[in-house]
Amino acid sequence: MSFGRSEHDKPPVEPVTLKILVAGGFGVGKTTLVGAVSEIRPLRTEELLTEAGRPVDDTSGVEGKHTTTVAMDFGRITLREDLVLYLFGTPGQERFWFMWDELSEGALGAVVLADTRRLEDCFAAIDYFERRSIPFLVGVNCFEGAGRYPAQDIRQALDLDDDVPLVLCDARDRRSVKEVLIGVVQHAMAYGAGHRRTVTT
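Residues numbered from 1 in each chain as written. Predicted model: local features only at pLDDT ≥ 70, side-chain atom pairs only at ≥ 80, totals over all residues. Heavy atoms only, no water.

## A short note on the overall build of the chain
Scanning the chain for helices and strands turns up five helices and seven strands. For the chain, the sequential pattern of α-helices and β-strands runs β-α-β-β-β-α-β-α-β-α-β-α. Put simply, the chain has 201 residues, and 44% of those count as buried. The long-range share in the chain, meaning contacts at least 24 apart out of those at least 6 apart in sequence, stands at 73%. Taken as a whole, the chain presents about 11,500 Å² of accessible surface, with 52% of it coming from carbon and sulfur. (Helix = DSSP H or I, 4+ residues; strand = E, 2+ residues; numbered from the N terminus. Buried < 20%, exposed > 50% of the residue type's maximum accessible area, 1.4 Å probe, protein only. Contact = heavy atoms within 4.5 Å. Areas by Shrake-Rupley, 256 points an atom, 1.4 Å probe, with all protein chains shown as cover.)

Here you go:
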């Protein structure tokens with residue numbers, strides 16, 4: 001009788017953990033995206049919208065929204081046995097942007113969610129990640145009733161560089177969100193490899 005480890009027993013895999021930001025304008029679906037895919041109960045820091053906030057929180061196009069993220073959303077998804085993503089949803093309103101620097105510390109990459117009804121609301125997030133050389137992917141959240149446009153037209157409207165991925169998605173659908181997250185990890189890995197080659201040549 002052998003009490004040792006059999007040749008079929010594999011040692012437990014210590015997963016690599018990666019930090020991904022989910023950014024974009026107010027009411028674009030960041031909290032929904034994190035909640036749709038998280039395998040743990042998401043941490044949410046939402047507060048009710050108030051009359052006092054109406055002058056600064058533009059709800060046109062998202063009139064049904066009654067809460068807003070005031071700090072961050074947090075969730076987790078295991079993509080593979082050896083790969084876990086920690087998701088941090090950033091607050092969308094300008095008055096909370098001071099938190100972005102802290103949230104982006106150590107991030108592998110980011111998803112910038114866009115709404116074709118309020119496309120200009122994601123410009124600030126795109127500018128932020130471009131200035132800090134943080135690789136990002138743009139996910140166009142396909143809201144019901146929103147206009148459908150070719151991806152190339154949206155890319156031109158956002159003035160995206162050719163190497164920035166843009167995908168259509170549904171922030172409510174786990175499979176759709178998972179594809180977005182896989183896309184941003186792949187893009188960030190390729191981006192990092194490209195920068196390492198540039199440094200060594």
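## Comments concerning helix H4 (residues 151-158)
Listed as buried for H4 are Ile 154, Arg 155 and Leu 158. The arc that holds the buried residues of H4, viewed along the axis, is 100°, so those residues lie on one side. Contacts made by the buried residues of H4 are with helix H3 (123-131), strand E6 (136-141) and strand E7 (166-169). One or two positions beyond H4, positive phi appears at Asp 159, with a value near 55°. (Arc of directions from axis to C-beta.)

## Here we look at the confidence of the model for the chain
This prediction gives the chain a mean pLDDT of 84; 78% of its residues lie at or above 70. Here residues 49-57 is a poorly scored stretch, pLDDT under 50, and it has 12 contacts once near neighbours within four places are set aside; other chains count. (pLDDT = per-residue confidence, 0-100.)

## Some points on the side chain of Lys 19
Looking at the secondary structure, you find Lys 19 in strand E1 (residues 16-24). As a buried residue without a salt bridge, Lys 19 has its nearest oppositely charged side chain in Glu 105, at a separation of 7.5 Å. Looking at Lys 19, its side chain comes within polar contact range of the main-chain oxygen of Leu 103, at 2.6 Å. At 2.9 Å, the side chain of Lys 19 forms a polar contact with the backbone oxygen of Glu 105. (Lys, Arg positive; Asp, Glu negative; His and termini not counted. Salt bridge = Lys/Arg side-chain N within 4 Å of Asp/Glu carboxyl O. Polar contact = N/O pair within 3.5 Å; in protein donor to acceptor, adjacent residues only side chain to side chain.)

## Considering the packing of aromatic side chains
For the coordinates displayed, the defined rule picks out six aromatic pairs. For the ring pair Trp 100 and Tyr 128, a centre distance of 5.2 Å and an interplane angle of 80° mean the geometry is edge-to-face. Here Trp 100, found in helix H2 (residues 100-104), pairs with Tyr 128, found in helix H3; they are 28 residues apart in sequence, far enough to count as distant. Taken individually, Trp 100 and Tyr 128 each receive the classification buried, so the pair is uniform in this respect. Through a chain of ring-to-ring contacts, three or more aromatic side chains come together here, namely Trp 100, Tyr 128, Phe 129 and Phe 136. Over the ring of Phe 143 we find Arg 117; its NZ or CZ atom is 4.5 Å from the centre of that ring. (Phe/Tyr/Trp six-rings, centres within 6.5 Å; stacked < 30°, edge-to-face > 60°. Lys NZ or Arg CZ within 6 Å of the ring centre and 35° of its normal.)

## Here's the deal with a negative patch on the surface
Together, Asp 127, Glu 130, Asp 159, Asp 161, Asp 162 and Asp 163 make up a negatively charged patch on the protein surface. Among the secondary structure elements, Asp 163 is positioned in the loop between H4 and E7. (Patch = residues over 30% accessible without salt bridge, like charges linked within 9 Å, V, L, I, M, F, W, Y side chains within 5 Å. Charge placed at Lys NZ, Arg CZ, Asp CG, Glu CD.)

## Focus on H3
Of the residues making up H3, those classed as buried are Ala 125, Ile 126, Tyr 128 and Phe 129. Down the axis, H3 shows its buried residues gathered within 160° of arc, on one side only. Buried-residue contacts for H3 involve E1, H2, strand E5 (109-114), E6 and H4. Ser 133 sits one or two residues past H3 and shows a positive phi near 55°.

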